[in-house]
Amino acid sequence: MDEACAVPVEGWDFSWLDGRATEQRPSWGYQRLLGAKLATARAALDIQTGGGEVLAGVGADNFPPTLVATEGWPPNVAKATALLHPLGAVVVADDEKPPLPFADNAFDLVTSRHPATVHWSEIARVLAPGGSYFAQHVGGRTNVEISEYFLGPYDPSGRRDHEAEADQARAAGLQVLLCLNERLRLEFFDIGAVIFFLRNVVWTVPDFTVDRYRARLQELHDQIARDGVFRSTMSRTLLEALKPPNGAGDA
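Residues numbered from 1 in each chain as written. Predicted model: local features only at pLDDT ≥ 70, side-chain atom pairs only at ≥ 80, totals over all residues. Heavy atoms only, no water.

Caption draft 1: Structural detail: the overall build of the chain. Check the secondary structure of the chain and you find nine helices and eight strands. Rg of the C-alpha trace for the chain: 19 Å, near the compact-globule value of 18 Å for 251 residues, within the 12% margin. Considering the chain as a whole, with its 251 residues, one finds that 47% of them fall into the buried category. Look at the contacts in the chain between residues 6 or more apart in sequence, and 72% of them connect residues 24 or more apart. (Helix = DSSP H or I, 4+ residues; strand = E, 2+ residues; numbered from the N terminus. Rg over C-alpha atoms; globule rule 2.2 N^0.38 Å. Buried < 20%, exposed > 50% of the residue type's maximum accessible area, 1.4 Å probe, protein only. Contact = heavy atoms within 4.5 Å.)

Here's what the structure looks like:
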């Protein structure tokens, strides 16, 4: 527990979990697809880039002539700047509330991996006609098993659903080209992995601290020692939406 509490959580780096937890990946391979999209763009915007790790992993050879990334958490802004500026991408500190700090029709591609919030009207505004939004979202009921373990029965109100997000994109005037969803497996092999995960993915148990949940963590430690693993499930959505060239939305 002490070790998991001492690990820095700046950026979006889960390498400390190697050997302690496993996460099933979606079948489509978002980073590979993202690279192909960026390689054909002229001006692209990556929203809520985190520490810039996903974008940097695409490789600068695939970057368009203009590439901008936004991020709202100061430690991540610093990390993303150090990682992406040498590759030719500009990082803009943004509080992730509307409006986006860009002009109308500024980008032919907008991307995001696991955005905490999705402001569809702003995405539609900054996209040029004929431009597209390409993203991997966290889907509904992600890590519901972890949430319920600490917080009790799941409350579905206000939570994400991929079909609802597609409807929201259409309502903003975008044409949904792709909306795929997969449910995936997440396994924890020690209590430190659970603590580290909850320190990073803070919306899973919003009021999480070790002191607040010490008794429950002890129970979970005993359960993992007995069963060898604690299993949860995730949901991921691959979504692509087009801003029609003539400005007409999806019927």
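Caption draft 2: Spatial organisation of helix α4 (residues 74-84). Among the residues of α4, N76, V77, A80 and L84 are the ones counted as buried. Buried residues in α4, looked at end-on, bunch into an arc of 105°, giving them a common side. With respect to the buried face of α4, the exposed residues turned more than 90 degrees away are P74, A78 and A82. Against α3 (53-58), β3 (66-71) and β4 (90-93) lie the buried residues of α4. (Arc of directions from axis to C-beta.)

Caption draft 3: Summary view of the pairing of strand β7 (residues 175-188). In the sheet, strand β1 (residues 21-23) pairs with β7 via three bridges, with the strands oriented antiparallel. Directly across from T22, in β7, lies its bridge partner E187. Here β7 runs beside strand β8 (residues 230-242); their pairing, made up of 13 bridges, is antiparallel. Bridging across to β8, R183 finds its partner in S235. (Pairing = 2+ DSSP bridges.)

Caption draft 4: Structural view of the sheet that holds strand β5 (residues 107-113). Strands sit in the order β1-β7-β8-β6-β5-β2-β3-β4 across an open sheet of eight strands; the sheet is mixed. Strands at the two margins of the open sheet, each flanked by one partner only, are β1 and β4. Averaged over all pairs of adjacent strands, the angle between strand axes in this sheet comes to 15°, irrespective of strand direction. Here β5 pairs with strand β6 (residues 127-138) via six bridges, running parallel. Counted as the bridge partner of R113 is Q136 from β6. Where helix α6 (residues 144-151) meets the sheet, it contacts β7 and β8, and its direction lies at approximately 130° from that of β8. (Axes fitted to C-alpha atoms, helices over the stretch in contact; angles between N-to-C directions.)

Caption draft 5: View of the nonpolar core. Of all hydrophobic cores here, the largest spans 28 residues; its most connected members are F150 and F188. Put simply, the parts of the chain that give this core at least two residues each are α6, β7, α8 (191-200), α9 (214-227) and β8. No other element matches the seven residues that α8 contributes to this core. The residues touching F188, leaving out its near neighbours within four places in the chain, are R20, A21, I146, A193, V194, F197, I224, G228, V229 and F230. By size, the runner-up hydrophobic cluster in this structure holds 22 residues, among which are I123, A124, V126 and L127. (Core = buried A, V, L, I, M, F, W, Y, C linked by side-chain atoms within 4.5 Å.)

Caption draft 6: Quick peek at the layout of surface pockets. Approximately 690 Å³ is the volume found for the largest pocket. In terms of lining residues, the largest pocket is bounded by 30 residues, among which W12, F14, E23, R25 and R113 are the most central. Put simply, the parts of the chain that give the lining of the largest pocket at least two residues each are β1, α2 (30-39), α3, β6, β7 and β8. Among the residues forming the lining of the largest pocket, the class breakdown is 16 nonpolar, eight polar and six charged. (1 Å grid on protein atoms, 1.4 Å probe; cavity = no way out; pocket = protein on both sides within 12 Å on 5 of 7 lines; lining within 4 Å. Points joined across faces, edges and corners; volume = space filled by probe spheres on them. Nonpolar A, V, L, I, M, F, W, Y, C, P; charged D, E, K, R; others polar.)

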